[in-house]
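# Descriptive analysis of the structure
Single-letter residue listing:
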Amino acid sequence: MLVNAPHEPEQLMTIGEMGRRTGVAPSALRYYEDLGLIASVRTAGNQRRYARHMLRRVSLVSVAKRLGIPLADVGAAFGDVPMDRTPSHADWQRASRRWRRTLEERRRAIERLEHELTGCIGCGCLSLKACALLNPDDALAATGAGPRRLEDVIEDDEGDDGADERT
């Protein structure tokens, strides 16, 4: 088999070929297809065939998954990128801008969490529940169970205008 053999852009790939090229298991490819992240066409024998331009989508889904980005976020970012034809440069640029905003929001939330954890760990108490700096008198217990401060950080990031509110 020639690795760099010329190919037609419209040439279709089997699920096995797509899996070998992307490193993604066929079961995951079927799952991504069920979620609407990728698309295939069916042969007369009902076998899946993928257009070559799906390689990029599958690869991006794979990278996002490795980075812990929810598949729903990937789907939203690439929702307008056509699957029935090879996407244009402009199609990918629009999706990239949309995804960049999502990733920036996630980065800000992680940085805020890091800042708060660094402050808490630095005080030596090692307890967000008992920390006089970040949770005086265990005031957050009244708001419910779980990571209350993290939820506040995420909500703040969703509603802010891009200004940095850290002190």
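This write-up is about the structure you can find in this document.

In this section: the pairing of strand β3 (residues 48–51). Where strand β1 (residues 12–14) and β3 come together, three bridges link them in antiparallel fashion. Across the sheet, residue M13 finds its bridge partner in β3, namely Y50. Here two bridges tie strand β2 (residues 41–42) to β3, and the two strands are oriented antiparallel to one another. Bridge pairing in β3 links V41 to R49. From the end of β2 to the start of β3, which pair antiparallel, there are five residues, and N46 there has a positive phi angle of about 65 degrees.

Turning our eyes to something else, we now look at the nonpolar core. Counting residues in hydrophobic clusters, the biggest one holds 23 residues, and the most contacted among them are M18, L29, V74 and F78. Among the elements of the structure, α1 (15–22), α2 (26–34), α3 (54–66), α4 (71–77) and α5 (89–123) are those that each provide at least two residues to this core. No other element matches α3, which puts five residues into this core. Setting aside residues up to four positions removed in sequence, V74 forms contacts with L37, V61, A64, I69 and W99.

With antiparallel pairing, the three strands of this open sheet are ordered in space as β1-β3-β2. Here the strands that pair on one side only, and so sit at the sheet edges, are β1 and β2.

Conventions used here
- Here, residues in each chain are numbered from 1, in the same order as that chain's written sequence.
- pLDDT decides what is reported in this predicted model: residues at 70 or higher carry local features, side-chain atom pairs at 80 or more are listed and counted, and totals for whole chains, interfaces and linings draw on all residues regardless.
- Side-chain metrics rest on all non-hydrogen atoms present in the structure, leaving aside hydrogens and water.
- Pairing between strands is defined by DSSP: at least two bridges between them are needed.
- Here a strand is any run of E in DSSP of at least two residues, a helix any run of H or I of at least four, and the numbering for each starts at the N terminus.
- By convention a nonpolar core is built from buried Ala, Val, Leu, Ile, Met, Phe, Trp, Tyr and Cys residues, the set being connected through side-chain atoms within 4.5 Å.
- Think of it in three bands: with a 1.4 Å probe and only protein chains considered, a residue is buried below 20% of the maximum accessible area for its type, exposed above 50%, and partly exposed in between.
- Any two residues whose heavy atoms approach within 4.5 Å are treated as being in contact.

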